[in-house]
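# Structural overview
Here is what each chain is made of, one letter per residue.
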Amino acid sequence: MASEKHNFIISAIARKIRQDGFKVIYLDGKYQDINIKKLDIPPKIINHKPDIIGVKESTFFCIGEAKTRSDIFSKRTINQISDFVEIVRLNSENKLFIGIPLDAKDDLERLLSKLGFASDKQIKIIHIPEELLPYEEEI
């Protein structure tokens, strides 16, 4: 089950996707924070299920992925980003939105640089200030 922080980041990605003219069609998160009606869970894309998929003009699409700081350097994240970029590059109007806490900015920049995606114009990063993220106690 996704954390409250993860769900909050997904909501921020959904807002940005809409601002950029995409319509959210699939969502793996708390739909009540994003939409009145429940959206379907995204299909797998190259063995990965993204958090959000959006479309624009029935021709272009975007993928949204939320990451917490502890996710950034995981093998799963590295594979997801690499595979999602490969799919997004099928058309220059497609986008990959990655939402992260602001304190993970340097980590994500290092990872994207290591993967060769540091200056990729199709990747949009959404930084969420820590003060806005829900507080969760460690159990």
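In this section: the packing of aromatic side chains. Scanning the model with the defined rule gives one aromatic pair in all. Judged by centre distance (6.3 Å) and plane angle (85 degrees), the rings of phenylalanine 22 and phenylalanine 97 are edge-to-face. On the criterion of sequence distance, the pair formed by phenylalanine 22 in the loop between helix H1 (4–19) and strand E1 (23–27) and phenylalanine 97 in strand E4 (residues 95–101) is long-range, its members being 75 residues apart. Phenylalanine 97 carries the same exposure label as phenylalanine 22, and that label is buried.

What follows is about the sheet that holds E4. Taking strand neighbours across the sheet as the criterion, the five strands line up as E1-E2-E3-E4-E5 in an open arrangement whose pairing is mixed. Looking at the sheet topology across the chains shown, the edges are occupied by E1 and strand E5 (123–128). The sheet shows a mean angle of 25 degrees between the axes of neighbouring strands, taken without regard to direction. Contacts from H1 reach E1, strand E2 (52–56), strand E3 (60–66), E4 and E5, with the element oriented near 155 degrees to E3.

The next point concerns the nonpolar core. Among the nonpolar cores identified, the biggest contains 18 residues, and Ile81, Leu96, Ile98, Leu108 and Ile123 are the most heavily contacted of them. Broken down by secondary-structure element, the contributors of at least two residues to this core are helix H2 (75–88), E4 and helix H3 (105–115). Sort the elements by how many residues they give to this core and H2 lands first, with five residues. Those residues within four positions of isoleucine 98 in sequence are excluded, and the remaining contacts are Glu65, Ile81, Leu108, Ile123, Lys124, Ile125 and Ile126.

Next up on the list: unusual backbone geometry. Leaving glycine aside, a negative phi is the common case for residues, and trans is the common case for peptide bonds. Unlike most non-glycine residues, asparagine 47 shows phi in positive territory, near 70 degrees. Secondary-structure assignment places asparagine 47 in the loop between E1 and E2. We note that serine 58 has phi near 55 degrees; this positive angle belongs to a residue other than glycine. Residue placement: serine 58 occurs in the loop between E2 and E3.

Moving on, we get to the packing of H2 against H3. The description of two helices packed together rests on the angle between their axes and the distance between the axes. Contact pair H2 / H3: the axes reach a minimum separation of 11 Å and the direction vectors enclose 60 degrees. The orientation of H2 relative to H3 falls into the category oblique. Our pair here, H2 against H3, has a crossing hand that is right-handed. In contact with Thr77, Ile78, Ile81 and Ser82 of H2, H3 contributes Leu108, Leu111, Leu112 and Leu115. Of the residues belonging to the contact of H2 with H3, the class tally is six nonpolar, two polar and no charged.

All right, on to H1 then. Taking 1.5 Å of rise per residue, the 16 residues of H1 would be expected to cover 22 Å, and the 23 Å separating its terminal C-alpha atoms lies within 8% of that figure. Regarding H1, the residues found buried are His6, Asn7, Ile9, Ile10, Ser11, Ala12, Ile13, Ala14 and Ile17. Packing partners of the buried residues in H1 comprise E1, E2, E3, E4 and E5. Two residues or fewer after H1 comes glycine 21, characterised by a positive phi angle close to 90 degrees.

Here is what the cut-offs are and how they apply
Residues numbered from 1 in each chain as written. Predicted model: local features only at pLDDT ≥ 70, side-chain atom pairs only at ≥ 80, totals over all residues. Heavy atoms only, no water. Phe/Tyr/Trp six-rings, centres within 6.5 Å; stacked < 30°, edge-to-face > 60°. Helix = DSSP H or I, 4+ residues; strand = E, 2+ residues; numbered from the N terminus. Buried < 20%, exposed > 50% of the residue type's maximum accessible area, 1.4 Å probe, protein only. Pairing = 2+ DSSP bridges. Axes fitted to C-alpha atoms, helices over the stretch in contact; angles between N-to-C directions. Contact = heavy atoms within 4.5 Å. Core = buried A, V, L, I, M, F, W, Y, C linked by side-chain atoms within 4.5 Å. Parallel < 35°, antiparallel > 145°, perpendicular 65-115°, else oblique. Left-handed = near helix turned anticlockwise from the far one by under 90°. Nonpolar A, V, L, I, M, F, W, Y, C, P; charged D, E, K, R; others polar. Expected span 1.5 Å × (residues − 1).

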